[in-house]
Amino acid sequence: MAIREIREMGDNILNTVCKEVKEVTPRTKDLIDDMFDTMYEANGVGLAAPQVGILKRIVVIDVTGEDPILMINPKILETSGEQTGQEGCLSVPGKSGLVTRPNYVKALAYNENMEPFEIEGTELLARAILHEVDHLDGHLYVEKVEGPLMDVTDLEEED
Ligand code: NI
């Protein structure tokens, strides 16, 4: 268990396409544990491996604080609808912006035992899945922001 340093916008690693995971080694398991720890410690709802400097297709998500989701080699299978809302990213601290994304997503991913599973999400979960999969392809939400990036005031932070 360890908290890893979160890379911030401007770091080239965040603009790099990540590699597929072929097998889950003990090192991969340590990485996954650390990603959850790092996400929770930063009060985030999602984290992708490149955000901690590892170019592998691994994301962790928890939009409720009690439903941890691990996705290895995630692929978006289906999207529909549309939602527009504020989005932020642990790699772009203190900022948020308005992003339009599909309101529904269905994805295929692999668990820690490299067993495939499908996951469906709407609203915040759909947004989180799409945001994190974008990270694996080297994209940040700021590329999709409508209007200016805004400062998140201290009042809006829950802690
Ligand atoms: Ni992000």
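Quick look at the structure, then.

Conventions and cut-offs
- Residues numbered from 1 in each chain as written.
- Predicted model: local features only at pLDDT ≥ 70, side-chain atom pairs only at ≥ 80, totals over all residues.
- Heavy atoms only, no water.
- Core = buried A, V, L, I, M, F, W, Y, C linked by side-chain atoms within 4.5 Å.
- Buried < 20%, exposed > 50% of the residue type's maximum accessible area, 1.4 Å probe, protein only.
- Helix = DSSP H or I, 4+ residues; strand = E, 2+ residues; numbered from the N terminus.
- Expected span 1.5 Å × (residues − 1).
- Contact = heavy atoms within 4.5 Å.
- 1 Å grid on protein atoms, 1.4 Å probe; cavity = no way out; pocket = protein on both sides within 12 Å on 5 of 7 lines; lining within 4 Å.
- Points joined across faces, edges and corners; volume = space filled by probe spheres on them.
- Nonpolar A, V, L, I, M, F, W, Y, C, P; charged D, E, K, R; others polar.
- Phe/Tyr/Trp six-rings, centres within 6.5 Å; stacked < 30°, edge-to-face > 60°.

## Observations regarding the nonpolar core
Then, number 1: Counting 17 residues, the largest nonpolar core has V59, I61, I69, M71, I119 and I129 as its most contacted members.
Then, number 2: Going through the elements one at a time, β2 (58–61), β3 (69–80), β6 (104–110) and α2 (123–136) are the ones with two or more residues in this core.
Then, number 3: No other element matches the 7 residues that α2 contributes to this core.
Then, number 4: Counting residues in hydrophobic clusters, the runner-up holds 14 residues, among them V24, I32, F36 and V60.

## Side note on helix α1 (residues 26–41)
Then, number 1: An ideal rise of 1.5 Å per residue puts 22 Å on 16 residues; α1 measures up with 22 Å between its terminal C-alpha atoms.
Then, number 2: The complete set of buried residues in α1 reads T28, L31, I32, D34, M35, F36, D37, T38 and M39.
Then, number 3: The inward-facing, buried residues of α1 abut β1 (46–48), β2 and β3.

## So, the layout of surface pockets
Then, number 1: Each pocket or cavity is described by its volume, and for the second largest pocket that value is around 160 Å³.
Then, number 2: Every residue along the wall of the second largest pocket is listed here: R4, T25, R27, T28, D30, L31, I54 and K56.
Then, number 3: Looking at the lining of the second largest pocket, its residues break down into 2 nonpolar, 2 polar and 4 charged.

## Re the packing of aromatic side chains
Then, number 1: A full pass over the atoms with the stated rule returns 1 aromatic pair.
Then, number 2: Between the aromatic rings of F36 and Y40, the centroid separation amounts to 6.2 Å while the plane-to-plane angle is 20°, which identifies the pairing as stacked. Of this pair, F36 and Y40 both sit in helix α1, 4 residues apart, roughly one helical turn.
Then, number 3: Assessed through its relative accessible area of 34%, Y40 is described here as partly exposed.

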